[in-house]
Amino acid sequence: MDRRSWSLLLVLGAIWGASYLFIKIGLRDLSPSMVAFTRVALAALVLSGALAIPELRVAYFDPDILVLRPLAELNQALARSDILLIPHLLDPIPRDGHKPSEQDILIAGAYNLGFLALKAGAETSRLLAWWGDRLEDGCRVDPVRGLFVDQRWMDLAPSLFPSAAVIDQALQVEPRR
């Protein structure tokens, strides 16, 4: 990566990660749902702003995501798809009473939004506009109504946005096309 890419990555990481610094403070005065909504809303604003730069590629990794090798494959996958998602599951979970269970995954959502990669373009803009619209009143934990913060909405993305691809943890692309 060149110096500009590293700079953009550091700025985006600082902005995104700063929200964690304010969670403890926010939880004193705000409900957990409001803190989660605010974090997601800020992330959407940052992503929308960053992706206004033509041909920019952005990958978000939660702090619990372990990167074990260079991300060249990720860059190649973004050359073929505008939106990359990682599923929570790659194999069935045994029904042994341990957590998480497949039912837990059904409640939380099929995709792990601890990772999201996007390439600037019309399809990504459409996704972010759609997602943002849904999160205005649907960003909460309400399993009875099929809501789990921002994650459950993303379950619909591969069927609504043709340039979305599902990748496994080894970054082997499985496009929907």
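Structure: see above.
Our subject in this report is the structure included herewith.

If you tally the helices and strands in the protein, you get seven helices and seven strands. Secondary structure elements of the protein, listed N to C terminal, follow the sequence α-α-β-α-β-α-β-α-β-β-α-α-β-β. For the protein, with 177 residues in total, the buried portion stands at 36%. Restricting to contacts in the protein with at least 6 residues of sequence separation, those with at least 24 account for 64%. As presented, the protein carries roughly 10900 Å² of accessible surface, and 61% of it is formed by carbon and sulfur atoms.

A word on the nonpolar core. Counting 26 residues, the largest nonpolar core has Val58, Leu85, Leu118, Leu127, Trp131 and Met154 as its most contacted members. Only helix H2 (32–50), strand E2 (83–85), strand E3 (115–119), helix H5 (122–138) and strand E6 (164–167) provide two or more residues apiece to this core. Here Leu118 is in contact with Leu47, Leu51, Leu56, Arg57, Val58, Leu78, Asp82, Ile83, Thr124, Leu127 and Leu128, once residues within four sequence places are set aside. Of all hydrophobic cores here, the second largest spans nine residues; its members include Leu84, Ala117, Ala165 and Ile167.

With that settled, consider unusual backbone geometry. Following Lys99, the chain continues to Pro100 via a peptide bond in cis, the omega torsion being -5°. The residue Pro100 is located in the loop between E2 and helix H4 (102–108) in this model. Although it is not a glycine, Glu55 sits at a positive phi angle of roughly 65°. For Glu55, the location among the structural elements is in the loop between H2 and strand E1 (57–61). One non-glycine residue, Val149, lies in positive phi territory at about 50°. Along the chain, the position of Val149 falls in strand E5 (residues 147–149).

The final tally for this structure, using the stated rule, is six salt bridges. In this structure, Lys119 and Asp82 form a salt bridge, with 3.4 Å as the shortest nitrogen-oxygen distance. With Lys119 in strand E3 and Asp82 in the loop between helix H3 (72–80) and E2, this pair connects stretches of sequence that are 37 residues apart. Overall, Lys119 belongs to the buried group, its relative accessible area being 11%. Note on Asp82: relative accessible area 17%, which makes it buried. Ionic pairing is found between Glu123 and Arg126, a salt bridge with its closest N-O pair at 3.5 Å. Taken as a pair, Glu123 and Arg126 lie in helix H5 at a separation of three residues, close to a single helical turn. Judged by relative accessible area, Glu123 falls into the buried class, the value being 15%.

Judged by which residues are buried, E1 turns out to be one-sided: Val58 and Tyr60 face inward and are buried, whereas Arg57, Ala59 and Phe61, on the alternate face, are not. Where E1 and E3 come together, five bridges link them in antiparallel fashion. Note on E3: the bridge partner recorded for Phe61 is Phe115.

Looking at where Arg152 falls in the secondary structure, it is placed in helix H6 (residues 151–154). With 46 residues separating them in the primary sequence, Arg152 and Leu106 have C-alpha atoms 8.8 Å apart. Not counting chain neighbours up to four residues away, the residues in contact with Arg152 comprise Leu106, Ile107, Ala108, Gly109, Gly146 and Leu147.

About the cut-offs
Residue indices begin from 1 for each chain and proceed along its sequence in written order. Only residues with pLDDT of at least 70 get local features here, since the model is predicted, and only at 80 or more are side-chain atom pairs given and counted; chain-wide, interface and lining totals rely on the full set of residues. Side-chain numbers here rest on the full set of heavy atoms in the structure, without hydrogens or water. Numbering goes from the N terminus for both helices and strands, where a helix is a DSSP run of H or I of at least four residues and a strand is a run of E of at least two. Only protein chains enter the accessibility calculation, which uses a 1.4 Å probe; a residue is then buried when its area is under 20% of its type maximum, exposed when over 50%, and partly exposed in between. The contact definition used throughout considers only heavy atoms, calling two residues in contact when any of these lie within 4.5 Å. The Shrake-Rupley method, run with a 1.4 Å probe sphere, supplies the accessible areas, and residue values consider only the shown protein chains as cover. Nonpolar cores were defined as sets of buried Ala, Val, Leu, Ile, Met, Phe, Trp, Tyr and Cys residues, with membership established by side-chain atoms within 4.5 Å. Just to be clear on terms, a salt bridge is a Lys or Arg side-chain nitrogen sitting within 4 Å of an Asp or Glu carboxyl oxygen. In this description, strands pair whenever DSSP reports at least two bridges between them.

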